[in-house]
Amino acid sequence: MANLLGSLVTFFFLISLLAIISYQLMCFADLEFDYINPYDSAARINKVVMPEFLTQAVFCLVCLLTGHFYLCFLSLPYLYYNFRLYSMRRHHVDVTEIFNQLNWEKKQRLIKLAYLIILLLVFIFGLLCNVGNDDY
């Protein structure tokens, strides 16, 4: 039962990361199609950057504590990248440079989204293998 609970917590952290990245991409799309002004877009995106980083760190910790070592090791490069962005102080979107950096920021979020989708597929595959081996 504890294994199932740990898997559910891991799954919800992974889904929340996907939702945060999708929200940031939607904000960039709204800015690109001129539905929102740059100040509001940057404020909305910057508001969810730190929760994304903290959720990723807690996700790695939960994976480590629940025994999902393969997910922990697969998510370490993403955690390191977020830490590097934070330490270099490039984690926030600048309001004055948002149009110049729009393509780069969108590409960065799309790569994060693809990476998280791959992690989700690996997690589901591992979960199905564990369910097939365990007797519940």
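A. Looking closely at the overall build of the chain. Scanning the chain for helices and strands turns up four helices and zero strands. Reading the chain from its N terminus to its C terminus gives the helix and strand order α-α-α-α. Split into buried and exposed, the 136 residues of the chain put 36% on the buried side. Long-range contacts, defined as pairs at least 24 residues apart, comprise 79% of the intrachain contacts of the chain with a sequence gap of at least 6. Summed over its atoms, the accessible surface of the chain is roughly 8,300 Å², and 70% of this surface lies on carbon and sulfur atoms. Of the side chains in the chain, 9 bear a positive and 10 a negative charge, and the two mean positions are spaced by 7 Å.

B. Highlighting the pattern of salt bridges. The final tally for this structure, using the stated rule, is three salt bridges. Among the ionic pairs, Glu 52 bridges to Lys 112, the shortest N-O distance being 3.0 Å. With Glu 52 in helix α2 (residues 38-66) and Lys 112 in helix α4 (residues 102-133), this residue pair connects regions lying 60 residues apart in the sequence. Of the two residues examined, Glu 52 and Lys 112, each falls in the buried class. Across the salt bridge formed by Glu 105 and Arg 109, the nearest N and O atoms sit 2.3 Å from each other. Of this pair, Glu 105 and Arg 109 both sit in helix α4, four residues apart, which is roughly one turn of that helix. The two residues Glu 105 and Arg 109 agree in class, both being buried.

C. Quick look at the packing of helix α1 (residues 2-32) against α4. Across the interface, α1 lies against α4 with an axial gap of 10 Å and an inter-helix angle of 155°. By the angle between their directions, the pair α1 and α4 is classed as roughly antiparallel. Where α1 crosses over α4, the handedness of that crossing is left-handed. When its residues are assigned to classes, the contact of α1 with α4 shows 18 nonpolar, four polar and five charged.

D. Structural context of the packing of α2 against α4. The interhelical angle for the contact between α2 and α4, taken along N-to-C directions, is 30°, at an axis separation of 15 Å. Here α2 is positioned roughly parallel relative to α4, judged by the angle of their axes. Pair α2 / α4 crosses with left-handed handedness. Judged by residue contacts, Ile 45, Val 49, Glu 52, Phe 53, Gln 56 and Phe 59 of α2 engage Arg 109, Lys 112, Leu 116 and Leu 119 from α4. The residue makeup of the contact of α2 with α4, split by class, is six nonpolar, one polar and three charged.

E. Seen up close, empty space enclosed by the protein. One pass over the structure, following the stated rule, counts one cavity of 30 Å³ or more. Size it by volume and the largest cavity reaches roughly 60 Å³. If you go around the largest cavity, the residues you meet are Val 49, Glu 52, Phe 53, Leu 85, Arg 90, His 91, His 92, Glu 105, Gln 108, Arg 109 and Lys 112. Listed by contribution, the elements that provide at least two residues to the lining of the largest cavity are α2 and α4. With four residues, α4 is the single largest residue contributor to the lining of the largest cavity. Tallied by class, residues from the lining of the largest cavity come to three nonpolar, three polar and five charged.

Criteria and cut-off values
- Residues numbered from 1 in each chain as written.
- Predicted model: local features only at pLDDT ≥ 70, side-chain atom pairs only at ≥ 80, totals over all residues.
- Heavy atoms only, no water.
- Helix = DSSP H or I, 4+ residues; strand = E, 2+ residues; numbered from the N terminus.
- Buried < 20%, exposed > 50% of the residue type's maximum accessible area, 1.4 Å probe, protein only.
- Contact = heavy atoms within 4.5 Å.
- Areas by Shrake-Rupley, 256 points an atom, 1.4 Å probe, with all protein chains shown as cover.
- Lys, Arg positive; Asp, Glu negative; His and termini not counted.
- Charge placed at Lys NZ, Arg CZ, Asp CG, Glu CD.
- Salt bridge = Lys/Arg side-chain N within 4 Å of Asp/Glu carboxyl O.
- Axes fitted to C-alpha atoms, helices over the stretch in contact; angles between N-to-C directions.
- Parallel < 35°, antiparallel > 145°, perpendicular 65-115°, else oblique.
- Left-handed = near helix turned anticlockwise from the far one by under 90°.
- Nonpolar A, V, L, I, M, F, W, Y, C, P; charged D, E, K, R; others polar.
- 1 Å grid on protein atoms, 1.4 Å probe; cavity = no way out; pocket = protein on both sides within 12 Å on 5 of 7 lines; lining within 4 Å.
- Points joined across faces, edges and corners; volume = space filled by probe spheres on them.

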